[in-house]
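One letter stands for each residue in the lines below.
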Amino acid sequence: MPEALPFALTKLQPPRPRSEHLARPQLERQLAAAIGQARLMLLCAPAGFGKTALLGQLLASLEQRPGGAIAWIAADDDDDLARFVACLVAALEPHDLPWRISPQALATLGQQPRGLRRIADELLSALGGADLRHGLIVLDDAHRIADARIFELLDLLLEHLPAPWTVLLASRTDPPLSLARLRAQGELLELRQAELGFADDEVRSLAAQRGAGAALVEPLIGRLQGWPAGIRLSLDAATLAGARAPAALSQRHLFDYLASEVLADMPDGLRRFLLQTSVLAELEAGRCAALTGDPQAADWLDDIERRGLFVTVLDGPQLTLRLHDLFRDFLEDRLRQESPDALTGLLHRAADTEPDDARRIAYLQRAGDWAAAEAALNAVARGWLSDGLLTQTQRLLAQFPPAWRERSSTLMLLQGLAAWAHWDFVAMAGHFQQALRLAEQQGHAAQAQLAKACVALSLCQLDRRDEAAALLADLRGQALPRDAEITTLTASLWHAGDYGPVGPSAGYLARRNELLADCTDIGLWYQATPNPRDVALPGAAPALTLFVERALRLAPEHPTAMSAITWLLYGLIALWHGDAVRAAERLQRADEESRWLGGPRNVRTMLALARGMLHALRGDIDAMREAAAHLLADPEQEPPSARRDKLRRAMQFQVLRLAMIADDGERARALVATLGAPDLLVSSRIAQRARELALPAFAAELAEHWPQVVECWQAALQTPEALEWYGLLTEGRLRLAAALVRLGRARDAVPLVEAAALRCANDGWIGSALLAGPRVLAVLAHGGLALGAGAQAALANWLDRAEQLRGHRPLRADGAPVVAPALALDTRSTGPTADPLAGLSAREREVLARMAAGDSNKLIARAFELSPHTVKRHVANILDKLGADTRGQAAARWRDAQSTPTEAFRAD
């Protein structure tokens, strides 16, 4: 099923040209000629100057030009960056642009560092790869946009817009763009009030069409100075009992005066219908009938169109009208004056029939029904936040009266979730604590339990471990509703993973799986997605494996952050079993999903660590260093702060550990020097204490000071809970045992190896032992240790697996060596290969064959019974693997391969 769009489809429907509009062929030709020549065309004039009508005429003429693409967006007052990007992507959808990431993920990039630049780069790449003669992106009513980031994005697009494309903006005011630069470069076409106003001859022509005499026309020419809306209404009003407007009125007041004359002459039914439907953004027969209860709704819409009233006819399968702003404001003001009591009921009925969630909530807020608006927002906000629609959520939250917000535990919870979405943990904790107080005061027991669990989550992030522990202990003693218990278990896992004890973690994971067993709510599953570090928790293997297998079955076909993290977990599970081939395959899938989503920072960083571990275990130092470079770069995205400094030190230690596993002494020594002396007071968190406890031991091992290695690891192992981070406890035991063997103390090493073997047996996998590396394991295996049979067999197995990882490829059933896929951030081909299509999967070859035949994404999806999301992913993978920029280039590669007689080049 396709994703629900976060806006009404009418935003993407351009206007139809109408016969009562005066044709402006000269202006139309001027605009058409500038497409592909000017980067920006600007129609800028006050209301009523025919901007939208001219656009409708232009688009109708462009339909006759082959090889073009038009993307139309009608701006709304509530458009923010995420909504605008979603609209632009949807408007471009019919043209099969060669996206390299999920177009739906573009909106979420705005929350990341340099997010606007990344959105612009991805859009420019897709636009530049389109096989088109010309392309036009139209933004109507741009004056409505309040989010300055939209114009910042447009500026970035205009700076490097590919030649076939032009952006056309219609606005009542100058947009905050770099207009002066575009003028100086000759890249701007401007049509303003002087050009858009009616010339004298055009006024006379329009008057003649309406049967008006010269006695009326000449005063209009002098008085209205070419204002199209005023001229049209004056001609209409002039037929009504000789109506004449007062001489000294502003344009807005003149419009209201003339419109009132036109309204007064209408049949009562039509007049009532117009007043009632003025609350709607667009008028469509079924919805208007539901709103007004008038069975003649379709007839009234036909009548409105025939009368040439101030509406735009949208291009679509059924008659849909959009009232001109001036006319809608006039009608709604009149409705408020004449029937104030009816307005609330109309707004409620408008909300009932509104498919756009944001508009529906806005209708309820306009009606003053804050309780209904709150319930509606609560039903969708969590989904919005997971989809990256943070600004939209915050905007609607801000529309509630402050007094209502401050008394609502539901809205406080939503504000806490919004703060969490952009990592403002202080605000997150404050909102959740206020939600808890309100829920308890108002007797909302279930909501109080959920709020308390959310408070515990936030306190973990603020290093307030004791307060969080007390809340969690209280919650675990209560009967909880499912969402509160899942949140409590998630917070408990965070707390255990951060501070210990880790022993109960496997039980938390298992119980959470029980709660999710019959749950199909993706939001709850996403909230419950384990942290990849949980793979090393004692006894976690069965619960983690079960969660991953269920989550992958439940996940939607298109990539999501949950599916990317789940594939990452699946890869780590394989790695912890010592299966490098499956680990590589699954991490590659996680990498593909992450890149398609735009590389969410949290996924990208966890993936770099997992990839680094795999490469380190393989002894592939160059690949390990590449992954390490991504880890070291991550903290630099943060603004200067103590948090960035801590994060930088954490990443440096992670890379040190990778270097130790890979036997990359050069990089390890450099990092030891950078990290300096350990700081055991840095934090009570396990990850940070593990780092500082292991640091001197690694430094001593690099210097081959074996007595010091023993001393340091023995000191660290005095607090084993502090080493429960990605298997460091077992690794540390084995490194200490190897140092003892080197010093001739084999007997002292035995209990350490026995303990490591027992832990691996209990955990069900061996990854933490493999992290010690083949050199350490070889010292132990050949050290003459008097181990029990089980520990001896375990040690032999570890060494065998570690050596296989370093160079011995496992065999398939047919005896051929398995070649694991490469794990690179950029999978584009870097040079010619014997078979240019060799890297494509069977499905990708089938999709490419259809692309070469000229099929659109929709036709390909229909042919293979795939979703459009999946087809886009296949196209992106094909372009990346072939090093192609456009669908046409990829199709040419296919045709070249088919003309080559080599059998390997042919289709499967």
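Described in the following lines is the structure provided in the data block. (Residues numbered from 1 in each chain as written. Predicted model: local features only at pLDDT ≥ 70, side-chain atom pairs only at ≥ 80, totals over all residues. Heavy atoms only, no water.)

### Looking at the sheet that holds strand β8 (residues 320-323)
In any sheet, the strands associate via hydrogen bonds between backbone groups, in a parallel or an antiparallel arrangement. This is how it is decided: For two strands to pair, DSSP has to find at least two bridges joining them. For helices the rule is a DSSP run of H or I covering at least 4 residues; for strands it is a run of E covering at least 2, with both sets numbered from the N terminus onward.
Taken in spatial order, the three strands of this open sheet run β6-β8-β7, and their pairing is antiparallel. Lying at the two open borders of the sheet, with one neighbouring strand each, are β6 (283-284) and β7 (311-314). As paired elements, β7 and β8 share four bridges and run antiparallel to each other. Paired with Leu 314 across the bridge in β8 is Thr 320.

### Focus: the sheet that holds strand β3 (residues 134-140)
Rule in force here: Interaxial angles span 0 to 180 degrees and are taken between N-to-C directions of axes, which are lines fitted to C-alpha atoms, for helices over the stretch in contact. The contact criterion used is simple: two residues touch if any of their non-hydrogen atoms lie within 4.5 Å.
The five strands are arranged β2-β3-β4-β1-β5 in an open sheet whose pairing can be described as parallel. Two strands lie at the open edges of the sheet, namely β2 (68-74) and β5 (188-192), each paired on one side alone. Across this sheet, the average inter-strand angle for adjacent strands is 15°, counted without regard to direction. Bridge count between β2 and β3: seven bridges; the pairing is parallel. Bridge pairing in β3 places Trp 72 opposite Val 138. Helix α2 (residues 51-62) contacts β1 (40-44), β2, β3, β4 (165-171) and β5 of the sheet and is inclined by roughly 160° relative to β3.

### A short note on the packing of helix α32 (residues 621-633) against helix α33 (residues 642-662)
Which entries qualify depends on this criterion: For classification purposes, angles smaller than 35 degrees are called roughly parallel, those larger than 145 roughly antiparallel, those between 65 and 115 roughly perpendicular, and all remaining angles oblique. Each residue gets one of three labels, nonpolar for Ala, Val, Leu, Ile, Met, Phe, Trp, Tyr, Cys and Pro, charged for Asp, Glu, Lys and Arg, and polar for the others, Gly among them.
Relative orientation of the contacting elements α32 and α33 amounts to 170°, with a least axis distance of 9 Å. Compared by their axis directions, α32 and α33 come out roughly antiparallel. Facing Ile 621, Met 624, Ala 628, Leu 631 and Leu 632 of α32, the residues of α33 in contact are Met 651, Gln 652, Gln 654, Val 655, Leu 658, Ala 659 and Ala 662. Considered class by class, the residues forming the contact of α32 with α33 number 10 nonpolar, two polar and no charged.

### What about the environment of Leu 27?
With respect to the element layout, Leu 27 can be found in helix α1 (residues 25-34). Distance from Leu 27 to Leu 191, taken between C-alpha atoms, is 8.5 Å for residues 164 residues apart in sequence. Residues in contact with Leu 27, not counting those within four places in the same chain, are Leu 54, Leu 191, Glu 195 and Leu 196.

### Re unusual backbone geometry
Backbone phi values are negative for most residues with the exception of glycine, while trans is the configuration of most peptide bonds. Selection rule: Each residue gets one of three labels from its accessible area relative to the maximum for its type: buried under 20%, exposed over 50%, partly exposed in between, using a 1.4 Å probe on protein chains only.
Put simply, Gly 500 and Pro 501 share a cis peptide bond, and its omega is -10°. Of note in the backbone geometry, Asp 463 takes a positive phi value of approximately 65° without being a glycine. Counting through the fold element by element, Asp 463 comes out in the loop between α23 (445-461) and α24 (465-476). Non-glycine residue Asp 663 carries a positive phi angle of around 60°. Summarising the element assignment, Asp 663 is placed in the loop between α33 and α34 (665-675). We classify Asp 663 as partly exposed; its relative accessible area is 31%.

### Topic: the packing of helix α12 (residues 268-277) against helix α13 (residues 285-292)
The contact between α12 and α13 brings their axes to 10 Å, and the two run at 95°. The orientation of α12 with respect to α13, classified from their angle, is roughly perpendicular. Contact residues: Phe 273, Gln 276 and Thr 277 in α12; Cys 288, Leu 291 and Thr 292 in α13. Residue composition of the contact of α12 with α13, grouped by class: three nonpolar, three polar and no charged.

### Some thoughts on the side chain of Arg 586
Let me state the cut-off plainly: In this count, Lys and Arg are taken as positive residues and Asp and Glu as negative ones, while His and the chain termini are left out. What makes a salt bridge here is a side-chain nitrogen of Lys or Arg within 4 Å of a carboxyl oxygen of Asp or Glu, nothing more. N or O atoms closer than or at 3.5 Å make up a polar contact, with two conditions inside protein: a donor-capable atom paired with an acceptor-capable one, and, for residues adjacent in sequence, both atoms drawn from side chains.
Take Arg 586: it is sitting in helix α30 (residues 580-596). Despite its burial, Arg 586 pairs with no opposite charge; the closest candidate is Glu 585, at 6.1 Å N-O. A distance of 3.1 Å separates the side chain of Arg 586 from the backbone oxygen of Tyr 570, its partner in a polar contact. Non-local contacts of Arg 586, meaning those with residues more than four positions away in its chain, are made with Trp 567, Tyr 570, Gly 571 and Ala 574.

### Let's talk about helix α40 (residues 773-781)
Of all the positions in α40, only Gly 773, Pro 774, Val 776, Leu 777, Val 779 and Leu 780 are classed as buried. Close packing links the buried residues of α40 with α33, α35 (686-702), α37 (728-742), α38 (746-763), α39 (767-770) and α41 (789-806).

### Overview of the pattern of salt bridges
Once the charged atoms of two side chains with opposite charge are near each other, the side chains can pair. According to the stated counting rule, one finds 52 salt bridges in the structure shown. When the shortest N-O distance is used, the salt bridge between Arg 204 and Asp 201 registers 3.0 Å. Here Asp 201 and Arg 204 lie together in helix α8 (residues 200-209), a separation of three residues that amounts to about one turn. Taking relative accessible area as the criterion, Arg 204 reaches 34% and is therefore assigned partly exposed. Taking the relative accessible area as the measure of exposure, Asp 201 reaches 58% and is therefore exposed. The partner of Arg 843 in a salt bridge is Glu 846, and the shortest N-O contact between them spans 2.8 Å. Residue Arg 843 and its partner Glu 846 are located together in helix α42 (residues 842-852), separated by three residues, close to a single helical turn.

### Side note on the nonpolar core
Soluble globular proteins: nonpolar side chains tend toward being buried together. Quick reminder of the rule: As used in this record, nonpolar core signifies buried Ala, Val, Leu, Ile, Met, Phe, Trp, Tyr and Cys residues forming a set joined through side-chain atoms within 4.5 Å.
Judged by nonpolar contacts, the single largest core of 162 residues is most densely connected at Leu 153 and Leu 377. Setting aside chain neighbours within four positions, we find Leu 377 in contact with Ile 361, Trp 384, Leu 396, Leu 397, Phe 400, Leu 411 and Leu 414. Counting residues in hydrophobic clusters, the runner-up holds 124 residues, among them Tyr 508, Leu 568, Ala 772 and Leu 799.

### Remarks on the environment of Arg 775
Take Arg 775: it is sitting in helix α40. In this structure Arg 775 comes out as exposed when scored by relative accessible area, which is 53%. Spatially, the C-alpha atom of Arg 775 lies 8.4 Å from that of Asp 663, the residues being 112 residues apart in sequence. If we ignore the near neighbours within four places in the chain, the residues touching Arg 775 are Asp 663 and Arg 742.

### A few points about α38
Think of an α-helix as turning once every 3.6 residues; residues three or four places apart then point the same way. Worth spelling out the cut-off: Multiplying 1.5 Å by the helix residue count minus one yields the expected span of that helix.
With 18 residues, α38 extends 26 Å between its outermost C-alpha atoms, agreeing within 8% with the 26 Å of an ideal straight helix rising 1.5 Å per residue. Turning to α38, its buried residues are Ala 749, Val 750, Leu 752, Val 753, Ala 756, Ala 757, Arg 759, Cys 760 and Asp 763. Elements in contact with the buried residues of α38: α28 (541-554), α37, α39, α40 and α41.

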